[in-house]
Amino acid sequence: KKLANGLTVLFYPYNREDVVTVKLCVKVGSTYETEKEAGLTHLIEHMIFKGTETKKPEDIVGAIEALGGYMNAFTSYDYTCYYAAGPSNITEKALDILSDVVFHPYFDPVELEKEKEVVIEEMKMRLDNPMVVLFEEVMKASYKKYPYRRPIIGYENTVRSFKREDLLNFVKEFYTPGNMIL
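Before going into details, it helps to say that this report is about the structure given with it. Residue positions are given per chain, counting from 1 as you read along its sequence in written order. Confidence filtering applies because this is a predicted model: local features only for residues at pLDDT of at least 70, side-chain atom pairs given and counted only at 80 or more, and all residues used for totals across whole chains, interfaces and linings. To obtain the side-chain values, all non-hydrogen atoms of the structure were used and water was disregarded.

Section: the packing of helix α1 (residues 40–47) against helix α7 (residues 164–174)
Logical step 1: Put simply, α1 and α7 touch, their axes get as near as 10 Å, and they point 95° apart. As far as their axial angle goes, α7 and α1 are roughly perpendicular. Where α1 approaches α7, its residues Leu40, Thr41, Leu43, Ile44 and Met47 are matched on the opposing element by Asp166, Leu167, Phe170 and Val171.
Logical step 2: Tallied by class, residues from the contact of α1 with α7 come to seven nonpolar, one polar and one charged. Axis lines are fitted through C-alpha atoms, for helices just across the contact stretch, and the angle between N-to-C directions can take any value from 0 to 180 degrees. A run of DSSP states H or I qualifies as a helix once it reaches four residues; a run of E qualifies as a strand once it reaches two. Both are numbered from the N-terminal end. Here the word oblique covers every angle except those under 35 degrees (roughly parallel), over 145 (roughly antiparallel) and from 65 to 115 (roughly perpendicular). In this description, contact between two residues means that some pair of their heavy atoms is separated by no more than 4.5 Å. Just so you know the grouping, Ala, Val, Leu, Ile, Met, Phe, Trp, Tyr, Cys and Pro go in nonpolar, Asp, Glu, Lys and Arg go in charged, and all remaining residues, Gly too, go in polar.

Written out as structure tokens, the structure is:
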């Protein structure tokens, strides 16, 4: 169903168990980035969990975990997905938190500098995985002029260059109800 604000909502009932997965997917991934923005979408994915205008970091993932669920996210070439899963009693809290983190992220500058280092470490760890290295080399060789040639995670120099305003501007452009599926 498409809501008045443009958000598309898909509902699939699962009657075998009393569990739920709530996903909020944004139709933006690394292919939407410019060369200078390489890795911005992935960094935003990390920073989304670092607090909002009304919630501290521990009020985000911790609130879902306290109810027996878990929360995570992933970035692909074409979309970014934030999700919570667990017993069905997390549904209301998951909807509240997911809407807050994507529509009201704070992007604390101190946390941003810390998270950049986390992402750069993640880049280095990927070099220890031959399948990841092979995949990225195949993509680079296959897509000479298309953004699929770049690693989703970006490059160390681009990730280090991002400022809070870069994240806020990107979110303002792409994180809109009409560009999301719940």
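Some details on the pairing of strand β2 (residues 70–75)
Logical step 1: Note on classification: 1.4 Å probe, protein chains only; a residue is buried when its accessible area is under 20% of the maximum for its type, exposed when over 50%, partly exposed between these limits. Side chains Met71, Ala73 and Thr75 of β2 all project onto a buried face; the interleaved residues Tyr70, Asn72 and Phe74 project onto a face where none is buried.
Logical step 2: Between any two strands, pairing holds if DSSP finds at least two bridges. Hairpin connection between β2 and strand β3 (residues 80–87): a loop of four residues separates the two successive antiparallel strands.

Some remarks on the environment of Tyr70
Logical step 1: With respect to the secondary-structure elements, Tyr70 resides in strand β2.
Logical step 2: Residue classification places Tyr70 among the partly exposed positions, given a relative accessible area of 48%.
Logical step 3: Considering only alpha carbons, one finds Tyr70 and Pro177, 107 residues apart in sequence, at a separation of 24 Å.
Logical step 4: In this structure, Tyr70 is in contact with Ile64, Tyr83, Ala84 and Ala85, ignoring residues within four places of it in sequence.

Details of the pairing of strand β1 (residues 19–26)
Two faces, one strand: in a regular strand the side chains alternate between the faces of the sheet.
Logical step 1: In the sheet, β1 pairs with β3 via eight bridges, with the strands oriented antiparallel. Bridging across to β3, Thr21 finds its partner in Ala85.

Quick notes on the nonpolar core
Logical step 1: As used here, the term nonpolar core means buried Ala, Val, Leu, Ile, Met, Phe, Trp, Tyr and Cys residues forming a set that is joined through side-chain atoms within 4.5 Å. Ile44, Met71, Tyr82, Leu167 and Tyr175 are the most contacted members of the largest nonpolar core, which totals 39 residues.
Logical step 2: For this core, the secondary-structure elements that each account for two or more residues are β1, α1, α2 (61–65), β2, β3, α3 (91–103), α4 (109–126) and α7.
Logical step 3: Counting residues per element, this core draws most heavily on α3, at five residues.

Comments concerning the layout of surface pockets
Logical step 1: Size it by volume and the largest pocket reaches roughly 510 Å³.
Logical step 2: Each cavity reported here is a set of points on a 1 Å grid over the protein atoms alone in which a 1.4 Å probe fits but cannot get out, each pocket an open set with protein on both sides within 12 Å along at least five of seven lines, and each lining residue one with an atom within 4 Å of a point. In terms of lining residues, the largest pocket is bounded by 16 residues, among which Leu10, Phe11, Tyr12, Val20 and Thr21 are the most central.
Logical step 3: Elements represented by at least two residues in the lining of the largest pocket include exactly β1 and α3.
Logical step 4: Element by element, the count of residues in the lining of the largest pocket is highest for β1, at six residues.
Logical step 5: Grouping the amino acids of the lining of the largest pocket by side-chain chemistry returns 13 nonpolar, two polar and one charged.
Logical step 6: Grid points are joined across faces, edges and corners, and a volume is the space filled by probe spheres set on the points. In this structure, the second largest pocket occupies an estimated 290 Å³ of space.
Logical step 7: As for the second largest pocket, its lining consists of 15 residues, and the residues nearest its centre are Met123, Leu127, Glu136, Pro151 and Gly154.
Logical step 8: Only α4 and α5 (130–142) provide two or more residues apiece to the lining of the second largest pocket.
Logical step 9: Looking at the lining of the second largest pocket element by element, the count peaks at five residues for α5.
Logical step 10: Each residue belonging to the lining of the second largest pocket can be placed in one class, and the counts come to seven nonpolar, one polar and seven charged.

Quick look at the packing of aromatic side chains
Logical step 1: Pairing of aromatic side chains here covers Phe, Tyr and the six-membered ring of Trp, requires ring centres within 6.5 Å, and sorts the geometry by plane angle: under 30 degrees stacked, over 60 edge-to-face, intermediate tilted. Within the structure shown, the criterion is met by nine aromatic pairs.
Logical step 2: Ring centres of Tyr70 and Tyr83 lie 6.3 Å apart, and the angle between their planes is 90°; this geometry places the pair in the edge-to-face category. Taken together, the residues span a long stretch of sequence, with Tyr70 in strand β2 and Tyr83 in strand β3 at a distance of 13 residues.
Logical step 3: What links up through ring pairs into an aromatic cluster is the set Tyr70, Phe74, Tyr79 and Tyr83.
Logical step 4: One Lys or Arg, Arg164, reaches over the ring of Tyr106 and ends 4.8 Å from the middle of that ring. In this analysis the charged atom, NZ for Lys or CZ for Arg, is taken to sit over a ring once it is within 6 Å of the ring centre and within 35 degrees of the ring normal.

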